[in-house]
Amino acid sequence: MVAIERELRREPAPAIEDRAALSTREACVYLNIGLTTLYRELQSGRLPFRKIGRKTVIRKMDAEQWLAELPADLGPPVSNLSQPTKLKQQFAPSHPIGSRW
């Protein structure tokens, strides 16, 4: 049994695209999210997972479905990001830079 495990370790793991299940770290890479976000999604039930002993695995099809169900928020146009917002203007200092209190 130990000899078989050693042989399995020597072979390179298949690419993520070729796997049916992902470890937590592989899922982070595949979904381009952090480990904290992954665990939050697992705990909330939004991203299904399986346990194999102590190891947590995420089926690739579940990861793809989770990704597809995320809201598609485009956000503000890039041209608007450089313009100061009302909130930034509200809290801008009223005194010139370098002046004393």
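Refer to the structure above for everything that follows.
Numbers given to residues run from 1 along each chain, matching the order in which its sequence is written. Residue-level local features of this predicted model are given only where pLDDT is at least 70; pairs of side-chain atoms are given and counted only at 80 or more, and the full residue set underlies all totals for whole chains, interfaces and linings. Water and hydrogen atoms play no part in the side-chain values, which are based on all heavy atoms of the structure.

Caption draft 1: Main features of unusual backbone geometry. The backbone phi angle of asparagine 32 is positive, close to 60°, even though this residue is not glycine. Helix and strand assignments come from DSSP, with helices taken as H or I runs of at least 4 residues and strands as E runs of at least 2, each series counted from the N terminus. Locating asparagine 32 in the fold gives a position in the loop between helix 2 (24–31) and helix 3 (35–44). Throughout, exposure labels follow a simple rule: accessible area from a 1.4 Å probe, protein chains only, divided by the maximum for the residue type, with under 20% read as buried, over 50% as exposed, and the rest as partly exposed. Judged by its relative accessible area of 69%, asparagine 32 is exposed.

Caption draft 2: Spotlight on the sheet that holds strand 1 (residues 21–23). One bridge is not enough; two strands pair if DSSP finds at least two bridges between them. Spatially, 1-3-2 is the arrangement adopted by the three strands of the open sheet, whose pairing is antiparallel. Every other strand in the sheet has two partners, leaving strand 1 and strand 2 (50–52) as the edge strands with one partner each. For this sheet, the mean inter-axis angle between neighbouring strands, taken without regard to orientation, is 40°. With three bridges connecting them, strand 2 and strand 3 (residues 55–59) associate as antiparallel partners. Each residue of the ladder has a partner; that of lysine 51, found in strand 3, is threonine 56. Against the sheet, helix 2 contacts strand 1 and strand 3, and its axis sits at roughly 105° relative to strand 1. Helix 4 (residues 60–68) contacts strand 1, strand 2 and strand 3 of the sheet and is inclined by roughly 60° relative to strand 3. Convention adopted: a line fitted to C-alpha atoms gives each axis, helices being fitted over their contacting stretch, and angles between N-to-C directions are expressed from 0 to 180 degrees. The contact definition used throughout considers only heavy atoms, calling two residues in contact when any of these lie within 4.5 Å.

Caption draft 3: Highlighting the nonpolar core. Nine residue types can take part in a nonpolar core, namely buried Ala, Val, Leu, Ile, Met, Phe, Trp, Tyr and Cys, and a core is a set of them joined through side-chain atoms within 4.5 Å. Judged by nonpolar contacts, Ile16, Leu22, Ala27, Cys28, Leu31, Leu38, Leu42, Leu47, Ile58, Ala63 and Trp66 together constitute the single largest core of eleven residues. For this core, the secondary structure elements donating two or more residues are helix 2, helix 3 and helix 4. A total of three residues in this core trace back to one element, the largest contributor, which is helix 2. Residues within four places of leucine 38 in sequence aside, it is in contact with Thr24, Ala27, Cys28, Leu31, Ile33, Leu47 and Ile58.

Caption draft 4: Expanded view of the layout of surface pockets. For cavity detection a 1 Å grid was placed over the protein atoms alone, and a set of points counts as a cavity when a 1.4 Å probe fits there but cannot get out; an open set counts as a pocket when protein lies on both sides within 12 Å along at least five of seven lines, with lining residues being those that have an atom within 4 Å of a point. Grid points are joined across faces, edges and corners, and a volume is the space filled by probe spheres set on the points. Taken as a whole, the largest pocket encloses approximately 210 Å³ of empty space. What lines the largest pocket is simply Ala13, Pro14, Arg19, Ser23, Glu26, Ile52, Lys55 and Val57. For this scheme, ten residues count as nonpolar: Ala, Val, Leu, Ile, Met, Phe, Trp, Tyr, Cys and Pro. Four count as charged, namely Asp, Glu, Lys and Arg, and the remainder, Gly too, count as polar. Taken together, the residues that form the lining of the largest pocket break down as four nonpolar, one polar and three charged.

In short, shape yes, function no, at least from these values alone.
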